[in-house]
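# Summary of structural features
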Amino acid sequence: MKYLRTKIVLFALIALTSLNLTAQSEEQIVVEARILDASGEPVQGAIVQNKQEDVFAITDETGQFTISVNPGSFLQITAEGFKSISITADEYQEDIVLVKGSNSEVQIAFQKVEEGEIVAGGTSHINLPEILDKNYTTYSLDGLNAFIGGFNGGNIWGMGNYLVLVDGVPRSAGSALPVEIEQVTFLKGVTAAALYGSRAAQGVILITTKRGEIGKQQISARVDAGLFVPKRYPQYLGSAEYMTYYNEARANDGISALYSDEEIFNHASGSNPFRYPSVNFYSDEYLKPVYERYDATVEISGGNESARYYTDIGFFRTGNQIDFGEAVNNKTERFNVRGNVDLKLNDWISASLGANAIYYSGRGVNANYWGNAATVRPNRFSPLIPLSFISEGNETARILAQNSSNIIDGRFLLGGSQIDQTNAFASIYAGGYNTFTSREFQFNTAIDADLNRALKGLTLNTTFGVDYSTSYNQSYNNQYSVYGANWINVNGQDEIGSLIRYGEDARTGIQNISNSFYQQTISFSSQLNYETELAENHNLSAMLVAGGWQQTLSGQYHRISSANLGLQLAYNYKNRYYVLFNEAVVHSARFAEGQRTGYSPTATVAWKIGREPFLENSSIVNDLELSVSAGVLSTDLGLVDLNANQPYNRYYAHETIYSQTEGAWFSWRDGALTRSTNSLQAGNPELTFARRKEINVELKGSLFNNSISFQTAFFANRMKGNIIQPGVLYPNYFQTGFPASSFVPYINYNNDDRIGFDFDITYSKTIGSIDWTVGLAGIYYDTKASQRAELFENEYQNREGKPIDAMFGLRSDGFFSSDEEVASAPNQDALGGRGTTAGDIRYVDQNGDGIINNEDEVYLGKWGWSGAPLSAGIHLSAKWKNLTFFVLATGQTGAHAMKNGSYFWIDGEDKYSTVVRDRWTPETAATATYPRLTTQNGERNFRNSDFWMYSTDRIDLAKVQVSYDIPAGILGSDSFLKNLNIYVSGANLFTFSSERELMELNIGNAPQTRFYNLGLKALF
């Protein structure tokens, strides 16, 4: 039924919005008119074009034009230095007045401005349809770090969680697909972002969806089909090799071997993989070599002066790589419908409506297959037990097997053991399945009023948005039994002598509902805008805005709120010298009364150098602008973070909080509880906003007949007064571990500094018959923890003065070669675990006290939590006739990571990866790159140190696409198909790095993939 409803909605929307595509044969009319500027002067050289009928006219020196078109046709009028307009053809057309300006408008904070009039430093934008034509993607921000300087894909200027607004409402970037998006704007600097209040302190991304345009209805459709191809799988040892190395580890620990040579030989021979298993989770026995993805979209747009509309209908489906049991039905599906309508109600009021519905569902199994692949040893059990091996005449075993409710393919029982009664294989075959369902509904509306009647230059804008989303899991959780086989050898043949059954088979048929979640967002803003010319060449504008939004989330008592009042004053002289001032007043209920109001004053001065008379006739400089911005943004982000692994939304951090221990203590009388009260935190009524203090300088422009465009910004900011609970600043008796209690308050203390520059430069040139475009964008920045609450005995361990993402650990000095060397070296017993022996990592005693412990940890490098210090992207496109070639690459340098986790840090009963082949032994001491093996605690070796550190420097070939437009001659002049484009692409193709194998490796998760796509786009 749900698929039937989806189809009904789809066809109904198409039926309601589609118009007859058959051309009407009507008698044409002649349109004659003049085109003038605002002062009444004729505009010569203006182009009047009817795209539907492919006819045009050009105005003469008097501004006059004549054109013959069908009645009701739309005429688009463009002229250099003026904004384009569209009119409806009429026999008695009056004079047409054009307004000076450009056709490129950019959405910035609460307003749209012409591209050349953007003043606030740290503002960048991109018109997504221009990219999508040559680089089709399915995520709104995918690859934009190669076009926008300062954005590295995860943050802006290295600051963390940016605010995303889709059509002015806080939403996820994934809620709008790239095909639906007109423009993406990045507000990086303080002046650019200030009007959005507290949540804008780490930058803002504005996503503007498409609107309808005046003209004949257009329908475009896009269909894509692609394949995911895994890049690389983890390499684990097979059973025989694992058992050999495990015996060695036991010998190193002074323990006798667990596996005999005969057992190891039998596992190695592969003669009977059911009796002597060597399970490889990544073999083609369980995984497909590729899996598929399909998507399709239909866009419908058009309108007239009174009403314009845009509709998008989209669907995608992604498959799954696991190829057995219930997992073959795993899939992810998304269906969405978006509609935007713009209405001109009268000469002074217009309105817009927008709605978006997203239906998302996914089906999966009740098992963590990839997690098991990283932990389950290959010799533990056989996933399947063949019935054919049961000894003839062994009725007991046969009856036990036949009573199973889960005989796979009529030939196998589910395998397991007493300690593996549930396992990924059995769960995928018989454990049931689950479905994840998400529904998201978004609605926003706006009203614009021209109040010229009251005061010339005054306008009013009001917006309102409501979003509601729900999600939940439905599952059928089946119980199942697994079997262990007791094998015997009869006349040289392996047989199952008996079976041991673990667990019971049970299918209740009960559908379980879990993980229910809902979120509601209400957003509102209202603003007054005023523009005037005080005197000749003196221009003034002002904006007063009140805005806010509130999110309600399931499981959280308090709503997430943001409220602010903003004032913007702007002045320019001769459109060359600009001053911009913003003041935002923000409110937060997370602080005590008297501390709930924060102020965010910012200012920008800008010089449009390219408009100076001395550059008017320059053959080099087409446009040049220098701006300087400075200001303060107040933020309470230190008390709310919904994007962290463990989201928090703290209220009452300023209050003293006590809690009962709920009977944690006992009195002298046995069994009698003594209640007590613990302090969780001390109060601090002075707790208040952290503040981002910043100065940035930006230079942008275009050169050599606009063939080169560039933008670069230098920034230096300090996030001052980050909120912490600093135990080291108070006596140690202010807090205890058990019971967990503290008299330490939250305070504004930590300071974080960032300094750097971003850049993007694009070069476009036609060489011969090929149109070339190449662009480079990126960011370099450094960070410093300029103030920290810390207490280290050794100065070299202080975090203050080091990068915010500083990596600390021990310095290594090779391996111990003998027990005598261990005895003469600094004592490492304080590191924990077993005693140090030959083959363990030797560490440097930094403070010379003869003991290796945490006090010997030093600064090793940068983690790159918010991106590598230098990250950049490059894109290149070449267009020859109807063929377009596009390539995009990204890279980073300067950050490091640790080879940690179960794949590298192996001890105890862990699964062995191939890294242990390079372990230390007395025979391999000269070449070993891995410590000696152990079945005990490996804490001494497996800890942060430069031994495990590696560079994350890399260059990724992120995208290659080749597109071809079918020539119009092939389509035919009378075809209802106006344009047809075919493209093939590959994404995430290759990584260039000294640690390439590691960079392409996923442990405990599905593998990284390359994606190959074939697409078709048609315009009707």
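What counts and how
- Residues numbered from 1 in each chain as written.
- Predicted model: local features only at pLDDT ≥ 70, side-chain atom pairs only at ≥ 80, totals over all residues.
- Heavy atoms only, no water.
- 1 Å grid on protein atoms, 1.4 Å probe; cavity = no way out; pocket = protein on both sides within 12 Å on 5 of 7 lines; lining within 4 Å.
- Points joined across faces, edges and corners; volume = space filled by probe spheres on them.
- Helix = DSSP H or I, 4+ residues; strand = E, 2+ residues; numbered from the N terminus.
- Nonpolar A, V, L, I, M, F, W, Y, C, P; charged D, E, K, R; others polar.
- Contact = heavy atoms within 4.5 Å.
- Core = buried A, V, L, I, M, F, W, Y, C linked by side-chain atoms within 4.5 Å.
- Buried < 20%, exposed > 50% of the residue type's maximum accessible area, 1.4 Å probe, protein only.
- Pairing = 2+ DSSP bridges.
- Axes fitted to C-alpha atoms, helices over the stretch in contact; angles between N-to-C directions.
- Expected span 1.5 Å × (residues − 1).
- Salt bridge = Lys/Arg side-chain N within 4 Å of Asp/Glu carboxyl O.
- Arc of directions from axis to C-beta.

## Brief notes about the layout of surface pockets
Leftover empty space is mapped by rolling, across the atoms, a probe with the size of a water molecule. Size it by volume and the second largest pocket reaches roughly 1,100 Å³. Lining the second largest pocket are 45 residues, with Tyr139, Asp142, Gly143, Ala958 and Asn988 sitting closest to its centre. Taken together, the elements giving at least two residues each to the lining of the second largest pocket come down to strand E16 (291–303), strand E49 (883–893), strand E52 (954–965), strand E53 (979–992) and strand E54 (1009–1019). Within the lining of the second largest pocket, the residues separate by chemical class into 16 nonpolar, 21 polar and 8 charged.

## Some points on empty space enclosed by the protein
All chains considered together, the criterion is met by 2 cavities of 30 Å³ or more. Reported here for the largest cavity is a volume of approximately 110 Å³. Lining the largest cavity are 15 residues; nearest its centre among them are Tyr136, Thr138, Leu177, Asp295 and Phe316. Counting only elements with at least two residues in the lining of the largest cavity, the list comes to E16, strand E17 (307–318) and strand E18 (331–344). Of the residues assigned to the lining of the largest cavity, the class counts are 7 nonpolar, 5 polar and 3 charged. Together, Leu128, Ile131, Leu132, Asn135, Thr137, Tyr139, Ser140, Asp142, Leu144 and Pro178 line the second largest cavity.

## Notes on the side chain of Ser417
Here Ser417 shows up in the loop between strand E21 (412–414) and helix H8 (424–430). For Ser417, the residues in contact, after removing those within four places along its chain, are Val482 and Tyr502.

## Regarding the nonpolar core
If you look at the biggest cluster of nonpolar residues, it comprises 57 residues, and the most contacted ones within it are Tyr369, Tyr912 and Val916. Put simply, the parts of the chain that give this core at least two residues each are helix H4 (239–252), helix H6 (369–373), H8, strand E46 (841–843), strand E47 (858–862), strand E50 (896–898) and helix H11 (996–999). Among the elements that line this core, the one with the most residues is H4, at 6 residues. Apart from the residues lying within four places of it in its own chain, the contact partners of Tyr369 are Phe281, Tyr286, Leu287, Ile322, Phe324, Ala424, Phe425 and Ile428.

## Observations regarding the sheet that holds strand E3 (residues 55–58)
Two pairing modes exist for strands in a sheet, parallel and antiparallel, and in both the strands are linked by backbone hydrogen bonds. Overall, antiparallel pairing links the 4 strands, which are arranged E3-E2-E5-E6 in an open sheet. What marks the edges here is a single partner per strand, and that holds for E3 and strand E6 (85–88). Each neighbouring strand pair of the sheet contributes to a mean axis angle of 25°, computed without reference to strand direction. Sheet analysis places strand E5 (residues 74–78) next to E6, joined by 4 bridges and oriented antiparallel.

## Side note on H4
Relative to the 20 Å expected for 14 residues at 1.5 Å per residue, H4 spans 20 Å between its end C-alpha atoms, a close match to the ideal helical length. Counting buried positions over the 14 residues of H4 gives 10, a clear majority of the element. Buried positions along H4 lie against helix H5 (261–269). Following H4 by one or two positions, Gly254 has its phi on the positive side, about 75°.

## Looking at the pattern of salt bridges
Under the counting rule described, the total for this entry stands at 39 salt bridges. In this structure, Arg590 and Asp636 form a salt bridge, with 2.8 Å as the shortest nitrogen-oxygen distance. Here Arg590 is found in the loop between strand E29 (577–587) and strand E30 (597–607), whereas its partner Asp636 is found in the loop between strand E31 (621–635) and strand E32 (640–641), with 46 residues between them in sequence. Note on Asp636: relative accessible area 3%, which makes it buried. Among the ionic pairs, Asp956 bridges to Arg954, the shortest N-O distance being 2.9 Å. The exposure class assigned to Asp956 is buried, which follows from its relative accessible area of 15%. The network of salt bridges with shared partners includes Arg232, Arg996, Glu1000 and Arg1010.

## Quick notes on H5
Among all positions in H5, only Ile264, Asn266 and His267 are buried. One side of H5 carries all its buried residues, which in axial view fall inside an arc of 160°. Among the exposed residues of H5, those pointing more than 90 degrees away from its buried face are Asp261, Glu262, Phe265 and Ala268. Buried-residue contacts for H5 involve H4.

## Focus on the pairing of strand E13 (residues 181–187)
Note on strand geometry: in a regular strand, side chains alternate between the two faces of the sheet. Among the 7 residues in E13, 6 count as buried, and that is most of the element. Note that E13 and strand E14 (residues 204–209) share 6 bridges and pair antiparallel. Bridge pairing in E14 places Thr185 opposite Leu206.

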